[in-house]
Amino acid sequence: MRGYINRTTVSPPSQTQQQTEHIEFYFVLLARQCIELQMGSSQQPSLGEHLDDLCSTLQCLLPQLLSRAHDVKAQPLFKVAQPSDYARLRQLSTPGPPSDINQVIDDAFAIADFRARMSHPRAMAFIPSPVSPYAWVGDMLASAFNTFAGSRLQGSGSSIVEKTMIDWLAAKVGLPDTAGGIFVSGGSMGNLLAMALARDHRLSRGQQASGVIYVSEQTHHSVSKGLRILGFHSSQIHHIPSDDGFRLDPARLAAAIRADREAGLVPFVVVASCGTTNTGAIDPMTEIAKVCKRHGMWLHVDGAYGASAALSATHSHLTAGLCHADSISWDAHKWLFQTYNCGILLVRDRTTLLESFASQGDYLRDALADDEVPNFWDCGLELTRGDRAMRLWFTLRVIGEKRFGEMIDHGFALAEAAEEELGRLRDWEIVSPASMAILAFRFAPGDKTDAERDELNVGISKRLVAENVAGVLTTKLRGVVVMRMCAISPALGVDEMRGIVQQVDKLARGVYGDAGDS
Ligand SMILES: *Cc1c(COP(=O)(O)O)cnc(C)c1O
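The following paragraphs examine the structure supplied in this document. (Residues numbered from 1 in each chain as written. Predicted model: local features only at pLDDT ≥ 70, side-chain atom pairs only at ≥ 80, totals over all residues. Heavy atoms only, no water.)

### Here's the deal with the sheet that holds strand E1 (residues 180–184)
Here's step 1: What the 7 strands build is an open sheet, ordered E1-E7-E6-E5-E4-E2-E3; its pairing is mixed. Each edge of the open sheet carries a strand with a single partner, namely E1 and strand E3 (237–240). Taken over all neighbouring pairs, the strand axes of this sheet differ in orientation by 20° on average, direction set aside.
Here's step 2: Note: E1 against strand E7 (residues 343–347), 5 bridges, orientation antiparallel. If you follow Val-184 over to E7, its bridge partner there is Gly-343. (Pairing = 2+ DSSP bridges. Helix = DSSP H or I, 4+ residues; strand = E, 2+ residues; numbered from the N terminus. Axes fitted to C-alpha atoms, helices over the stretch in contact; angles between N-to-C directions.)

In structure tokens, the structure reads:
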């Protein structure tokens, strides 16, 4: 698919080649400019760099990086350092006398080899990260400029981009003009900040100890982590059982809130999920919002994974309920094809951010914001912060909104194809149908007990990974072990996905046969 790193499925290689050269050319140019800036006119290496050497090193490095990214398909899905590798990795990690830069680059490749290829088209465990090469270039640009994105004084250009991206995303999910937000490291940080906002705007002084937070049993664990950091006790987090579709049940929620109020507690926030990590379930946000409104509670929606569907060309209706949220966390480093450390917190009312997070050090007094350009250091936790918005802006600018939406849509198509294919095969059970490109299923031959099936599915998953067929790991749903796939790579064709399911079936029968023999 165009605009995507592993472009073999759609684009001719010549175009890739051209683009690679394009990117290389601009990078060497950029590096030269950055280094010249640091060295001044004296041409004395002020930070130890030798301009020409560095340029030729970069000229070699960039095609190497791009082709490694392009060839990711041929690489192992998981490569984990074993105890026998530790000594060498420790030795490489230890600083010492100066070394040749090319040697150090080789070392960096050796170190990075021990990683899961989260951008592999067949990476389907956790939430994969099929990074667009344009995101990567945008990230490199941001890193090269190293703009201080905390204040208008230091980074007005990038602050305007960040604010514009926030406004654009907020409009996409239907938040009103009062909305605002900030780019953060990811969903965990977004959830933590949102819980602080809910506390500050829905609890009065002295109420923290009796405040109650409502989550479902499928809510991401980062929410509880954030709450504990903020000083809430885990007994203040009330888990509402989910319905058959793993969604938070609004009727049970309302009943729990009433009971807690009668007991003298102070319900103040509900965390709904727009795309749970386990099954891609979408909580009924509109009904939950009604309950929140009735009780004057804050509604936070964890959309770290699923909010991205709002940008899809054909599935944006699934996220319609996001418009009711007081805050939304959203990861661009998941389904928006960005490099890591790119998350977003959106809020319904941007003044809430300032009320909770603005502070003034005396030495910051000259860096005043204006209405158009906020000082982002007042909107979140970080003072010094890099430009996280540039890569998303860059990707969208290069690819265009339409293609970007199609890339998201492709994930839905992959999961639906896998579900359809499994439905045609004997002994397979769909435990949670395709939702937000996530599918949970298990191999359940009739002659096996539940415990044996659990073991069988663990065995199949291990073989799938060992044989590099697909990064499909297991999870537990309602007490049974299931396999889970989250496939969102635009580089994986739908027919390829069907082929993978056939391979999974074949391999499962092999494992089953082996188990039957023993
Ligand atoms: C990934 C995820 C998180 C955590 O986000 P990070 O970016 O990993 O910190 C939170 N909630 C959901 C639903 C997620 O999928």
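There is more to say, and it comes next.
### A short note on the site of the ligand
Here's step 1: Near the ligand lie 14 residues; those nearest to it are Gly-187, Ser-188, Asp-302, Asp-331 and Lys-334.
Here's step 2: The side chain of Thr-277 places a nitrogen or oxygen atom 3.0 Å from an oxygen atom of the ligand.
Here's step 3: Here Asp-331 contributes a side-chain N or O atom positioned 2.6 Å from an oxygen atom of the ligand.
Here's step 4: Protein contacts shield 85% of the accessible area of the ligand, which totals 380 Å² for the unbound molecule.
Here's step 5: When contributions to the shell around the ligand are tallied by element, the ones reaching two or more residues are helix H7 (187–202) and helix H11 (332–335).
Here's step 6: For the shell around the ligand, a count of residues per class yields 2 nonpolar, 9 polar and 3 charged. (Near = heavy atom within 4 Å. Polar contact = N/O pair within 3.5 Å; in protein donor to acceptor, adjacent residues only side chain to side chain. Areas by Shrake-Rupley, 256 points an atom, 1.4 Å probe, with all protein chains shown as cover. Nonpolar A, V, L, I, M, F, W, Y, C, P; charged D, E, K, R; others polar.)

### So, unusual backbone geometry
Here's step 1: Positioned with a positive phi, Phe-337 is a non-glycine residue whose angle comes to about 65°.
Here's step 2: One non-glycine residue, Ala-437, adopts positive backbone phi at about 70°.
Here's step 3: Structurally, Ala-437 is set in the loop between strand E8 (428–435) and strand E9 (438–443).
Here's step 4: Classification of Ala-437 as buried rests on a relative accessible area of 2%. (Buried < 20%, exposed > 50% of the residue type's maximum accessible area, 1.4 Å probe, protein only.)

### Brief notes about the packing of aromatic side chains
Here's step 1: One pass over the full model with this rule turns up 9 aromatic pairs.
Here's step 2: With a centroid separation of 5.1 Å and 35° between ring planes, the pair formed by Trp-335 and Phe-412 is classed as tilted. Placement of Trp-335 in helix H11 and of Phe-412 in helix H14 (residues 401–423) is noted, with a sequence separation of 77 residues between them. For the residue pair Trp-335 and Phe-412, the accessibility class agrees, reading buried in each case.
Here's step 3: Between Trp-428 and Phe-443, the ring centres sit 4.8 Å apart and the planes meet at 50°, which makes this aromatic pair tilted. Pair noted here: Trp-428 is in strand E8 and Phe-443 is in strand E9, with a separation of 15 residues, a long-range link. Neither Trp-428 nor Phe-443 differs from the other in exposure class; each is buried.
Here's step 4: One aromatic cluster is present, built from ring pairs that chain together Trp-428, Phe-441, Phe-443 and Tyr-512.
Here's step 5: Cation over ring: Lys-79 sits above Phe-114, and NZ or CZ is 5.2 Å from the ring centre. (Phe/Tyr/Trp six-rings, centres within 6.5 Å; stacked < 30°, edge-to-face > 60°. Lys NZ or Arg CZ within 6 Å of the ring centre and 35° of its normal.)

### Things to note about the packing of helix H9 (residues 250–262) against helix H10 (residues 285–294)
Here's step 1: Two numbers describe how H9 lies on H10: the axes approach to 10 Å, and their chain directions differ by 15°. It follows that H9 is roughly parallel to H10 by the angle criterion. Considering the relative orientation of H9 and H10, their crossing is right-handed. Contacts between H9 and H10 involve Pro-250, Leu-253, Ala-254 and Ile-257 from the first element and Glu-287, Ile-288 and Val-291 from the second.
Here's step 2: For the contact of H9 with H10, the class distribution of residues is 6 nonpolar, no polar and 1 charged. (Parallel < 35°, antiparallel > 145°, perpendicular 65-115°, else oblique. Left-handed = near helix turned anticlockwise from the far one by under 90°. Contact = heavy atoms within 4.5 Å.)

### Let's talk about the packing of helix H5 (residues 133–145) against helix H13 (residues 389–399)
Helix-helix packing: each pair is described by the crossing angle between the helix axes and the interaxial distance.
Here's step 1: Look at H5 against H13: their axes get within 7 Å of each other, and the N-to-C directions meet at 135°. One way to sum up the angle between H5 and H13 is to call them oblique. Taken as a pair, H5 and H13 cross one another with a handedness that is right-handed. For the pair formed by H5 and H13, the contact residues are Tyr-134, Ala-135, Val-137, Gly-138, Asp-139, Leu-141, Ala-142 and Phe-145 on the first element and Met-390, Arg-391, Phe-394, Thr-395, Val-398 and Ile-399 on the second.
Here's step 2: Counted by class, the contact of H5 with H13 contains 10 nonpolar, 2 polar and 2 charged residues.

### Let's talk about the environment of Asp-427
Here's step 1: For Asp-427, the location among the structural elements is in the loop between H14 and E8.
Here's step 2: The class of Asp-427 is partly exposed, set by a relative accessible area of 21%.
Here's step 3: For the pair Asp-427 and Phe-443, spaced 16 residues apart in sequence, the C-alpha separation works out to 5.9 Å.
Here's step 4: Leaving out residues up to four positions away in the same chain, Asp-427 has contacts with Arg-442, Phe-443, Ala-444, Pro-445, Gly-446 and Arg-509.
Here's step 5: Reaching out from Asp-427, the side chain makes a polar contact with the side chain of Arg-509 at a distance of 3.2 Å.

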